[in-house]
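One letter stands for each residue in the lines below.
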Amino acid sequence: VPEMAVARLEIERAAVAQRAARIEARWPGLEVGLDYMYMPANHGPAQAAGAMIAVELPGVWGGAAATTRATEREHAAAVAAARTVERAARLDLAVALTRHRSAVDHRAHMVAELVPAAERALDVARRALGTPQGSVPAVLMALRAVADVRQQQVMADAEVERTRAEVERAAGTAVVVGGAP
């Protein structure tokens, strides 16, 4: 799942920042700079040179400890956020699986119960056509019922595929879900 990959990268980034802050808090910093300046002026060129040395002592500067504590909190927050993302991803997957199972069950009911019942009703209406109880409107109503049930079966098939895609999105990969046709 992409969100989980992002959360793992954030944990790694926070861990690297935490290690860097600990190193900076332990080791002194040294900065050396040399400058040379040449600037033409109206009354002749002006030249200047400069040098600078700066030493940063972690024990003297109290900000290093605060920075280290801040990066530790940042790392802990990244770990907590990753756990939250993982829980949300698991919940999304559970919901998608439940929807898919429901769609598969609905389709199975359509195939096993409703389609055969509508076809039996059509068969009875056709057989009754030659008797006094039979009528053309009854046959037409039975044909309409068969067409409606078959349309609902097609919609149920589409729902099974849609929910399968939901499961694959939530899982982050192509999956074979039990109960599928």
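For the structure itself, consult the block above.
Let us look at the structure shown here. In this text, all values refer to a predicted model and were calculated from it rather than measured experimentally.

1. Re the pattern of salt bridges
- Counted by the stated rule, this structure contains 12 salt bridges.
- For Glu74, the salt bridge goes to Arg13, with nearest N and O atoms at 2.4 Å. Of the two residues, Glu74 is situated in helix H2 (residues 63-127) and Arg13 in helix H1 (residues 2-26); the sequence distance between them amounts to 61 residues.
- Of the residues examined, Glu74 reaches a relative accessible area of 34% and is grouped as partly exposed.
- According to the relative accessible area criterion, Arg13 is partly exposed, its value standing at 38%.
- Each of Arg99, Glu159, Arg162 and Glu166 takes part in a single network of salt bridges with overlapping partners.

2. Points about the packing of H1 against H2
- Put simply, H1 and H2 touch, their axes get as near as 8 Å, and they point 165° apart. In terms of orientation, H1 and H2 fall into the roughly antiparallel class. As for the relative orientation of H1 and H2, their crossing is left-handed in sense.
- Tallied by class, the residues present in the contact of H1 with H2 amount to 14 nonpolar, five polar and seven charged.

3. Some details on a nonpolar patch on the surface
- Together, Leu30, Val32, Ile53, Val55, Leu57 and Val60 make up a nonpolar patch on the protein surface, roughly 660 Å² of accessible area in all.
- Going through the elements one at a time, strand E1 (29-39) and strand E2 (46-56) are the ones with two or more residues in the nonpolar patch.
- One can find Val32 in strand E1.

The rules behind each value
Residues numbered from 1 in each chain as written. Predicted model: local features only at pLDDT ≥ 70, side-chain atom pairs only at ≥ 80, totals over all residues. Heavy atoms only, no water. Salt bridge = Lys/Arg side-chain N within 4 Å of Asp/Glu carboxyl O. Helix = DSSP H or I, 4+ residues; strand = E, 2+ residues; numbered from the N terminus. Buried < 20%, exposed > 50% of the residue type's maximum accessible area, 1.4 Å probe, protein only. Axes fitted to C-alpha atoms, helices over the stretch in contact; angles between N-to-C directions. Parallel < 35°, antiparallel > 145°, perpendicular 65-115°, else oblique. Left-handed = near helix turned anticlockwise from the far one by under 90°. Nonpolar A, V, L, I, M, F, W, Y, C, P; charged D, E, K, R; others polar. Patch = residues over 30% accessible without salt bridge, like charges linked within 9 Å, V, L, I, M, F, W, Y side chains within 5 Å. Areas by Shrake-Rupley, 256 points an atom, 1.4 Å probe, with all protein chains shown as cover.

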